[in-house]
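Take a look at the letters that make up each chain.
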Amino acid sequence: MTHVPPFRALSAPTLAASPHPTPRRMPLTRRVQIAWLMHDGGPATREMMVPATALFESAFNAFARGTLIATPTGPVAIEDLMPGDPVLTQDGDALPLQWLGSMTLLPDAPVEHPGLLDMTRVLTDHFAPGRPFSDLLLGPGARLLGRDALGPMLIPAHTLQDGLSIFAVRPRHPVQLHHLMLPRHAVILAGDVPVETWHPGPGLGERLGASALAFLLTLFPHLPDTAAFGAPCHRRQALFHSDDSAAA
């Protein structure tokens, strides 16, 4: 279940003689929405543009609209949750929702990795009776709790596809996707299936430049610095083998 040649400066005449300069390629971006719990206990919201990379998009693309999240008063659709609402972890703790992110998955949008266009549908009762208790539609950033020889492991949902009761879905129409954060990285229950909350993974300073790291933190106004993400609650597999930025 488990995972340049030396630079040669051009002279000024050579540069001036080039009649067709290469156009700069504009970076891909996505429009996202965030909601967070302010320090005074009130909610706040903001709309932003973020780089369309697997790391940034993974903060917004784990759960489809309508996914039922376990709370102390029963399942609640993820789009109906608000900052401050209690969410149940797999261990039975009720923790306040601190951050919500959402984005729209567009079927014809350019993407950094083709897997960012696909979703994963888990049919009712796949893992056990009532797990999930209805079909579960997960986005490309979702990881489920499984196990390997070393113990618990968070595994990308798309790597579990078997073509029978867990299979890939490529939407033909825009789909609203969501993710969330609690005070600590945790496993919550979506349709009674254990799925992780968002975490960027360790070693951010080694994977991102200073400007990208500073921008990432602007997405999480409730956090003072990147150390506040804390440690992942379990080992994790990379979302995509060719993408180190989304590694555990």
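Remember, it's a predicted structure, so these values are computed and weren't measured experimentally.

K.L.:
So what exactly am I meant to see when it comes to the overall build of the protein chain here?
P.N.:
When its secondary structure is counted, the protein chain shows 4 helices and 17 strands. Looking at the protein chain residue by residue over its 248 residues, the buried ones come to 43%. Split by element, the accessible area of the protein chain, about 12700 Å² in all, is 58% carbon and sulfur.

K.L.:
Would you explain unusual backbone geometry in this entry?
P.N.:
Negative phi characterises most residues that are not glycine, and trans characterises most peptide bonds. Along the chain, Arg-131 connects to Pro-132 via a cis peptide bond; the corresponding omega equals -5°. Mapped onto the elements, Pro-132 comes out in the loop between β9 (119–122) and β10 (136–138). If you check the backbone angles, Asp-125 has positive phi at about 70° while not being a glycine.

K.L.:
Please clarify how empty space enclosed by the protein should be interpreted in this entry.
P.N.:
The rolling of a water-molecule-sized probe over the atoms marks out the regions of remaining empty space. Here the largest cavity is characterised by a volume of approximately 70 Å³. A class-by-class count of the residues in the lining of the largest cavity yields 7 nonpolar, 5 polar and 1 charged. Its volume calculated, the second largest cavity comes out at about 40 Å³. Lining the second largest cavity we find Arg-30, Glu-57, Met-103, Thr-104, Leu-105, Leu-106, Ala-109, Val-111 and Leu-117. With 3 residues, the top contributor of residues to the lining of the second largest cavity is strand β8 (residues 99–105). Here the residues of the lining of the second largest cavity sort into 6 nonpolar, 1 polar and 2 charged.

K.L.:
I keep staring at the nonpolar core and nothing clicks. Help me out?
P.N.:
In summary, soluble globular proteins display a tendency toward joint burial of nonpolar side chains. Of all hydrophobic cores here, the largest spans 28 residues; its most connected members are Phe-60, Trp-99, Trp-198, Leu-216, Leu-219 and Phe-220. Of all the elements in the fold, those that place two or more residues in this core are β1 (29–37), β2 (43–51), α2 (54–57), β8, β14 (175–181) and α4 (210–218). In this view, Leu-216 contacts Phe-56, Trp-198, Leu-204 and Leu-208; residues no more than four positions away in its chain are not counted. By size, the runner-up hydrophobic cluster in this structure holds 24 residues, among which are Leu-81, Ile-166, Ala-186 and Ala-190.

K.L.:
Can you help me understand the packing of aromatic side chains in this one?
P.N.:
To describe a pair of aromatic rings, one takes the distance between the centres and the angle between the planes. Applying the stated rule across the entire model yields 6 aromatic pairs. Measuring from centroid to centroid gives 5.8 Å for Trp-198 and Phe-229, while their planes differ by 75°, and the two rings are edge-to-face. Of the two residues, Trp-198 sits in the loop between β16 (193–196) and α3 (204–207) while Phe-229 sits in the loop between α4 and β17 (235–236), which places them 31 residues apart along the sequence. Of the two residues examined, Trp-198 and Phe-229, each falls in the buried class.

K.L.:
Help me out: how do you make sense of the pattern of salt bridges in this one?
P.N.:
Oppositely charged side chains may form a pair once their charged atoms are brought near each other. Scanning all chains against the criterion turns up 7 salt bridges. The residue Glu-57 makes a salt bridge to Arg-30 at a minimum N-O spacing of 3.2 Å. Here Glu-57, found in helix α2, pairs with Arg-30, found in strand β1; they are 27 residues apart in sequence, far enough to count as distant. Classification of Arg-30 by relative accessible area gives buried; the value is 11%. In this structure, the salt-bridge partner of Glu-196 is Arg-236, at a minimum N-O distance of 3.1 Å. With a gap of 40 residues between them, Glu-196 in strand β16 and Arg-236 in strand β17 connect regions that are remote in the sequence. Since its relative accessible area comes to 2%, Glu-196 is described here as buried.

K.L.:
Help me understand the pairing of β8, please; the structure alone is not making it clear to me.
P.N.:
Every other side chain in a regular strand lies on the same face of the sheet, so the side chains alternate between the two faces. In terms of burial, β8 is largely enclosed, as 6 of its 7 residues are buried. Sheet topology places β1 next to β8; 5 bridges connect them, and they run antiparallel. In the strand pairing of β8, Trp-36 is matched with Trp-99. Sheet analysis places β8 next to β14, joined by 7 bridges and oriented antiparallel. Within β14, the residue paired with Trp-99 across the bridge is Met-181.

Reading the values: the criteria
Residues numbered from 1 in each chain as written. Predicted model: local features only at pLDDT ≥ 70, side-chain atom pairs only at ≥ 80, totals over all residues. Heavy atoms only, no water. Helix = DSSP H or I, 4+ residues; strand = E, 2+ residues; numbered from the N terminus. Buried < 20%, exposed > 50% of the residue type's maximum accessible area, 1.4 Å probe, protein only. Areas by Shrake-Rupley, 256 points an atom, 1.4 Å probe, with all protein chains shown as cover. 1 Å grid on protein atoms, 1.4 Å probe; cavity = no way out; pocket = protein on both sides within 12 Å on 5 of 7 lines; lining within 4 Å. Points joined across faces, edges and corners; volume = space filled by probe spheres on them. Nonpolar A, V, L, I, M, F, W, Y, C, P; charged D, E, K, R; others polar. Core = buried A, V, L, I, M, F, W, Y, C linked by side-chain atoms within 4.5 Å. Contact = heavy atoms within 4.5 Å. Phe/Tyr/Trp six-rings, centres within 6.5 Å; stacked < 30°, edge-to-face > 60°. Salt bridge = Lys/Arg side-chain N within 4 Å of Asp/Glu carboxyl O. Pairing = 2+ DSSP bridges.

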